[in-house]
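# Analysis of the macromolecular model
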Amino acid sequence: MTHDDGGSAALTTLLALPLLLVVLVGVLELGALRAVAYRAAAAADLATLVAVGDQDQIELARSGNLRLAADAADTARDYFARNLSATAPALAASATAIAASADIASFPTAPSFDPRTGVRYERPTVRLIAVVPVKTPGFAALLMPAVTTLTIRSTSSPR
Amino acid sequence: MKKCTAILLMSIALLSSISANAREPLDDESLPLPPPPVPDPVAFVVPPGVYYVTDTYVADVVATSDATTTYSTTTVHESTGTYARVIDNVSTGASSAFDGMAFNGRGALTDGQALAGTYYENFVLTAGGYVPVSIVFFQDDSETKRRQTGSSSAAATKAAATSGAAVTSAQPVTSAPVTSAQPVTSAQPGSINAPPLSSKPQAPIEPVGPTLRVGISLAPDGPTLASAEVLRGRLVQFWPRVFVNDVAVPIQSWRLLSAQPDHISANAGSTQPLTAQWIRMPAPGVSWPLRFEIFSLVAPTERLEAQIAITVRSPALVD
């Protein structure tokens, strides 16, 4: 290595380092965002599963058919807020507020049609669509939005 | 001196000694334990005249042949493990202390007289003895149209009295003047309720008996169901029900004939329902039958079967 080659390498490193840092921060932030998205989706899945795990006992005794409990949507919203609270530090809004604004619909009997998604359900179903704002400080450091919005969906039915 | 003192002390000690009350464990352990108190034996009362039932009541039968109407009882040769005894023999029109107590009732002739027959009391044998469960009346009577009177037809009366086959009389008996447009049949006490007279032979009357219906409901007063969808892991109560002429009657006992549930409260019972829980999941599209054997109080010897198909479901995510 000559004296001139060593100076060239140092200069190259000095110029590439910011770019490497940007890429590194972006990758880390995307990874963190992906982890939050998974946890929020799991919170929604568990909430809808709990909601369809309750049965209208009066209808069961009357007809023998499985009909969702009348408070299935409320149950899903409540459990969604509880499950989402574990991810609260990464969220840009409170778990309660996110759950309150979620679009949760219960279709206690089947078949039924979901006007929002256009899906026909063959079983009693609970459907949840929520918008989850997530803090992304890494993106903010890169002059990108400090809050990234995730839209999660979950649908459950007894099968 | 020392010797005297020692002797004195020894004497005092020996004289003042008492027997020790120390417990000797081995002595106690060697003693046999006293037997537990045995309650006084309770007399096992066997009602007089009780016998083992080999023929079971099925239905009351009323049949008409020519001018004779026969009231009888059909039975089936079947042993259901119950016992019975005769408690009263009654003749036509006679009253009995058991009138109104039989689950199948006591019929009457066309003139209102109570039928002749026999009252039986049914028992089941329990550890406490013979327990009466019901009373049944076996009717055994008949009536023949003895006379048929009409205010304006002596000839018809004579024909009926002589031939004994009023239902084949060619002339309708009327109680209205001859000029009346519509003949009116009449019957006097003691004769059968004469149907419109015709030359056709009288067909036997269908047996008249209570209609038993069984089923399973998911509530004490709920409707009986052929199938039900239940959630995995949930406790569900199943109530065996018996209906006589669509009126619910109490059941005497039930027994589960199939055993698919993973957890059940009991294999048999009486007034309590079956509580069942499914943990395993069936194959898609498969339902599990839950079969019961039921005995009712109104027909304790009649074995009834009811079934409900169970579909077990579990919450799942939808793609």
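Up top is the structure these notes are about.
To keep things clear, this report deals only with the structure shown in the data block. Everything numeric in this text was worked out from a predicted model, so none of it was measured. (Residues numbered from 1 in each chain as written. Chains lettered and ligands numbered in written order. Predicted model: local features only at pLDDT ≥ 70, side-chain atom pairs only at ≥ 80, totals over all residues.)

## Comments concerning the overall build of chain A
As a reminder of what qualifies: What counts as a helix is a DSSP run of H or I of at least four residues, what counts as a strand is a run of E of at least two, and both are numbered from the N terminus. Counts of 20 or more other C-beta atoms within 10 Å of a residue's own C-beta define buried residues, counts of 12 or fewer define exposed ones, and intermediate counts define partly exposed ones; C-beta atoms are placed from the backbone. Residues are defined as contacting one another if the C-beta atoms placed from their backbone atoms lie within 7 Å.
Per the secondary structure count, chain A includes five helices and five strands. Along the chain direction, N to C, the helices and strands of chain A fall in the order α-α-α-α-β-β-β-β-α-β. With 159 residues in all, chain A has 34% of them scored as buried. Of all intrachain contacts in chain A linking residues separated by at least 6 positions in sequence, the fraction that spans at least 24 positions is 62%.

## With respect to the sheet that holds strand 5 (residues 147-158) of chain A
The strands that make up a sheet pair up through hydrogen bonds in the backbone, lying either parallel or antiparallel. Note the threshold: Two strands make a pair as long as DSSP finds a minimum of two bridges between them. Axis definition: a line fit to C-alpha positions, over the contact stretch in the case of helices; interaxial angles, taken between N-to-C directions, run 0 to 180 degrees.
Taken together, the four strands give an open sheet; going across it, the order is 1(A)-4(A)-5(A)-19(B), and neighbouring strands pair in antiparallel fashion. Since the sheet does not close on itself, it has two edges, and those belong to strand 1 (103-107) of chain A together with strand 19 (315-317) of chain B, each with one partner. Taken over all neighbouring pairs, the strand axes of this sheet differ in orientation by 25 degrees on average, direction set aside.

## Observations regarding the pairing of strand 8 (residues 212-217) of chain B
Residue and element names in this part refer to chain B. Inspection of the sheet shows strand 8 paired to strand 11 (residues 236-244) by six bridges, in the antiparallel sense. Bridge pairing links G215 to R241 in strand 11. Sheet analysis places strand 8 next to strand 9 (residues 224-225), joined by two bridges and oriented antiparallel. Of the residues in strand 9, the one forming a bridge with S217 is T224.

## Notes on the interface of chain B and chain A
Condition: Each residue gets one label: Ala, Val, Leu, Ile, Met, Phe, Trp, Tyr, Cys and Pro are nonpolar, Asp, Glu, Lys and Arg are charged, and the others, such as Gly, are polar.
Tallying the contact residues gives 17 residues for chain B and 17 residues for chain A. Per-element accounting of the side of chain B that touches chain A gives the leading share, four residues, to strand 10 (residues 227-231) of chain B. Here the residues of the side of chain B that touches chain A sort into ten nonpolar, four polar and three charged. As paired strands, strand 5 of chain A and strand 19 of chain B are joined by three bridges and run antiparallel to one another. Looking at the pairing, A:P158 lines up with B:P315 of strand 19 of chain B.

## Section: the nonpolar core
Convention followed: Among buried residues, those of type Ala, Val, Leu, Ile, Met, Phe, Trp, Tyr and Cys that are joined through C-beta atoms within 7 Å form a set called a nonpolar core.
Formed by 28 residues in total, the largest nonpolar core has its most connected members in A:A47, A:A76, A:F80 and A:L128. Excluding anything up to four places from it in sequence, A:L128 contacts A:A44, A:A47, A:T48, A:A76, A:F80, A:A102, A:I104, A:R153 and A:S154. Residues A:A61, B:W239, B:W254 and B:L274 belong to the second largest nonpolar core, which totals 26 residues.

## A look at the sheet that holds strand 18 (residues 304-313) of chain B
Residue and element names in this part refer to chain B. Judged by pairing direction, the sheet is mixed, and its five strands sit side by side in the order 10-18-17-13-15 without closing on themselves. Looking along the sheet, the strands with just one partner apiece sit at the ends: strand 10 and strand 15 (268-269). As paired elements, strand 13 (residues 251-256) and strand 17 (residues 288-296) share five bridges and run antiparallel to each other. Looking at the pairing, I251 lines up with S296 of strand 17.

## Regarding the environment of B:L257
Residue and element names in this part refer to chain B. Take L257: it is sitting in the loop between strand 13 and strand 14 (263-264). Since 14 C-beta atoms lie within 10 Å of it, L257 is described here as partly exposed. On a C-alpha basis, the gap between L257 and P289 in space is 9.9 Å, while along the polypeptide they are 32 residues apart. Apart from residues no more than four positions distant in its own chain, L257 is found in contact with R291, F292 and E293.

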